[in-house]
Amino acid sequence: MRKFPKYMYVVNYPIQEEEICHLEMKVVFGKELEDKMLFSDVKFNPSNSPFIKTRLDILYEKDTVEEILEEIIKDKTIYDNFKLEYVRLTNENNIPYEERLDIIRKLSNKIEGCHNFKNPEFNFGITKIENKWLFGIDNKNDYKWHAHDNKPCSYSNSLGVKVAKAVVNIANSGSIDKTIVDPCCGVGTTLVEALDAGYKIEGYEINTQIANNANINLEFYGFDPIVVNDDMHNIQKNYDSSIVDIPYGLFSHISADEQRKIIETARRISRRIVLISFENHDLMLEESGFKIQHRCIVPKGKFKRFIVVAE
Ligand SMILES: C[S@@+](CC[C@H](N)C(=O)[O-])C[C@H]1O[C@@H](n2cnc3c(N)ncnc32)[C@H](O)[C@@H]1O
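The numbering scheme is per chain: residues are counted from 1 as the chain's sequence reads. Confidence filtering applies because this is a predicted model: local features only for residues at pLDDT of at least 70, side-chain atom pairs given and counted only at 80 or more, and all residues used for totals across whole chains, interfaces and linings. Each side-chain value is derived from all of the structure's non-hydrogen atoms; neither hydrogens nor water enter the calculation.

Draft legend 1. A look at the layout of surface pockets. Looking at the second largest pocket, its volume works out to about 190 Å³. What lines the second largest pocket is simply Val10, Lys53, Thr54, Glu85, Tyr86, Val87, Arg88, Asp138, Lys140, Asn141 and Tyr143. The helix count covers DSSP runs of H or I at least four residues long, the strand count covers runs of E at least two residues long, and both are numbered beginning at the N terminus. When contributions to the lining of the second largest pocket are tallied by element, the ones reaching two or more residues are strand 3 (52–62), strand 4 (82–86) and strand 6 (132–140). Here the lining of the second largest pocket is composed, by residue class, of four nonpolar, two polar and five charged. Method remark: on a 1 Å grid restricted to protein atoms, a set of points is classed as a cavity if a 1.4 Å probe fits but cannot get out and as a pocket if it is open with protein on both sides within 12 Å along at least five of seven lines; lining residues have an atom within 4 Å of a point. Grid points are joined across faces, edges and corners, and a volume is the space filled by probe spheres set on the points. Classification used: nonpolar for Ala, Val, Leu, Ile, Met, Phe, Trp, Tyr, Cys and Pro, charged for Asp, Glu, Lys and Arg, polar for all others including Gly.

See below:
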């Protein structure tokens, strides 16, 4: 009988991003992250998260390496260009290096096909956890999204790529079937991450120059220039969720009343909101009819960004 669900996720984060990482995991997998590791039957692409290092699709779960070896011998499939690695956990409970190497050699010799350490087509992983050996397909985060750090058009108050990636997952709990709107999309940071992950997202921006820049960014990464240069208050469509990086007094002139109107319009056009702000807007959210579900803080220099999820 299986002890573990189908997938093992190994996660890592710098301490200042601990809260947003935990929130992303809680919303996407419906459970708390413990020891930077998570087991789930939910299949999620590791490259769509800024924090998941790898997803091991568990093929064999055994008490000993010998039993894993027996399963590998039974599998007659030929895997040309494969690589087997020990999946190191971030909780320090890893077995010593020499032992790991020995296991890798032993198992690799019994996998049909030839190794390719540089450009493998099949990645296998093995690890030990709670006295069980797990062997499976190792799907690493490809980190290609780091290319989004260098957009042709940037903006001093843009979100960082990691925060943007996490908030798009938080907005729709990782489900690509639902719709998202970023009604104040700036230069399109969330749009790039959402489109890259396959989400259905639309974006609006009131400032013509910034809207043009957002479309330049989208096209630069191969996406359609979908940003509409319009006031979000004119939006007549409805979406499952909105991501609202609220304009703030720190960088632009906006009154509390205008911020309240933005939250009210977000309520009108979306069932769920992920509100990103430098101030506490709990009261405005509640007065607009939202109920707060989750929250976290991400430090930004001397300031704190509040991320609040409400429905
Ligand atoms: C905090 S910035 C968003 C930054 C964005 N998340 C990014 O990473 O580039 C807020 C943006 O909202 C836009 N904005 C303000 N009022 C708006 C409105 N009523 N409708 C649409 N956009 C608006 C501003 O021009 C500004 O670009």
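Draft legend 2. Geometry of the sheet that holds strand 11 (residues 270–277). Ordered by their spatial adjacency, seven strands build an open sheet running 9-8-7-10-11-13-12, and the pairing between neighbours is mixed. In this open sheet, the two strands that pair with only one neighbour each are strand 9 (228–229) and strand 12 (292–300). Bridge count for strand 8 (residues 200–205) against strand 9 is two bridges, and the pairing is parallel. Bridge pairing in strand 9 places glutamate 205 opposite asparagine 229. The strands touched by helix 1 (residues 18–29) within the sheet are strand 11, strand 12 and strand 13 (303–310), with strand 12 carrying the most contacts at an inclination of about 150°. Note on definitions: a residue-residue contact is assigned when non-hydrogen atoms from the two residues lie within 4.5 Å. Note on geometry: axes are lines fitted to C-alpha atoms, helical ones only across the stretch in contact, with angles between N-to-C directions running from 0 to 180 degrees. Sheet strands in contact with helix 7 (residues 256–269) are strand 7 (179–182), strand 10 (239–245) and strand 11, and its direction is about 150° off that of strand 11. At least two bridges found by DSSP between two strands are what make those strands a pair.

Draft legend 3. Broad picture of empty space enclosed by the protein. Applying the stated criterion to the full structure yields two cavities of 30 Å³ or more. For the largest cavity, the calculated volume is near 80 Å³. Forming the boundary of the largest cavity are Leu59, Tyr60, Ile72, Asp75, Thr77, Tyr79, Lys110, Ile111, Glu112, Phe124 and Phe135. In terms of residue class, the lining of the largest cavity is made up of seven nonpolar, one polar and three charged. Estimates place the volume of the second largest cavity at around 40 Å³. Lining the second largest cavity, in full, are Leu275, Ser277, Glu279, Asn280, His281, Asp282, Leu285, Arg295, Phe306 and Val308. In terms of residue class, the lining of the second largest cavity is made up of four nonpolar, three polar and three charged.

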